[in-house]
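What follows is each chain in one-letter form.
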Amino acid sequence: MSNLTLYELPGCPYCDKVKNKLADLDLEYDSVEVPRAHPERTEVKEISGQTGVPVLVDEEHGIEGMPESSDIVEYLDETYGSAS
C-alpha cells in the first residue's frame with residue numbers, strides 16, 4: 001500500500017495534471033474514484049472540507065487532504081522532486 005492517495009474523477013483535467021506529475025516523479029499512489037455528483041462526495045468533504053477533486057492524502061508527511069491541482073503539483077515537486 002502506498003502512502004499517497006489521490007481522490008479523482010476520470011476525465012478531470014485537473015486530476016490528470018496531478019497524475020502526470022505523480023508519473024513524472026515515478027510515485028506509486030492509491031486512486032479513489034469519487035462520484036460525479038458533488039453531494040455524494042462525502043469522503044472527500046470529510047478529508048478536505050470541500051467536494052472538488054483532485055485531493056491528495058500523504059500519510060507519511062501528515063497531509064490529510066490537500067485540494068487544488070496546482071498546490072498538489074507544487075507540493076509533490078518540493079517533497080519528492082529532485083530538489084528534495
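This text follows the structure it describes.
As a starting point, this report considers the structure included with it. Just so we're clear, the structure is a prediction, and the values are computed from it rather than from any experiment. (Residues numbered from 1 in each chain as written. Predicted model: local features only at pLDDT ≥ 70, side-chain atom pairs only at ≥ 80, totals over all residues. Heavy atoms only, no water.)

**Notes on helix H1 (residues 13-24)**
Next, step 1: In this model, H1 (12 residues) spans 16 Å end to end at C-alpha, consistent with the 16 Å of a helix rising 1.5 Å per residue.
Next, step 2: Against strand E1 (4-8) and helix H3 (69-80) lie the buried residues of H1.
Next, step 3: Phi turns positive, to about 55°, at Asp26, one or two residues after H1. (Helix = DSSP H or I, 4+ residues; strand = E, 2+ residues; numbered from the N terminus. Expected span 1.5 Å × (residues − 1). Contact = heavy atoms within 4.5 Å.)

**Overview of a negative patch on the surface**
Next, step 1: Negative charge collects at one region of the surface, where Glu68, Asp71, Glu74 and Glu78 lie side by side.
Next, step 2: Among the secondary structure elements, Glu68 is positioned in the loop between strand E4 (63-67) and H3. (Patch = residues over 30% accessible without salt bridge, like charges linked within 9 Å, V, L, I, M, F, W, Y side chains within 5 Å. Areas by Shrake-Rupley, 256 points an atom, 1.4 Å probe, with all protein chains shown as cover. Salt bridge = Lys/Arg side-chain N within 4 Å of Asp/Glu carboxyl O. Lys, Arg positive; Asp, Glu negative; His and termini not counted. Charge placed at Lys NZ, Arg CZ, Asp CG, Glu CD.)

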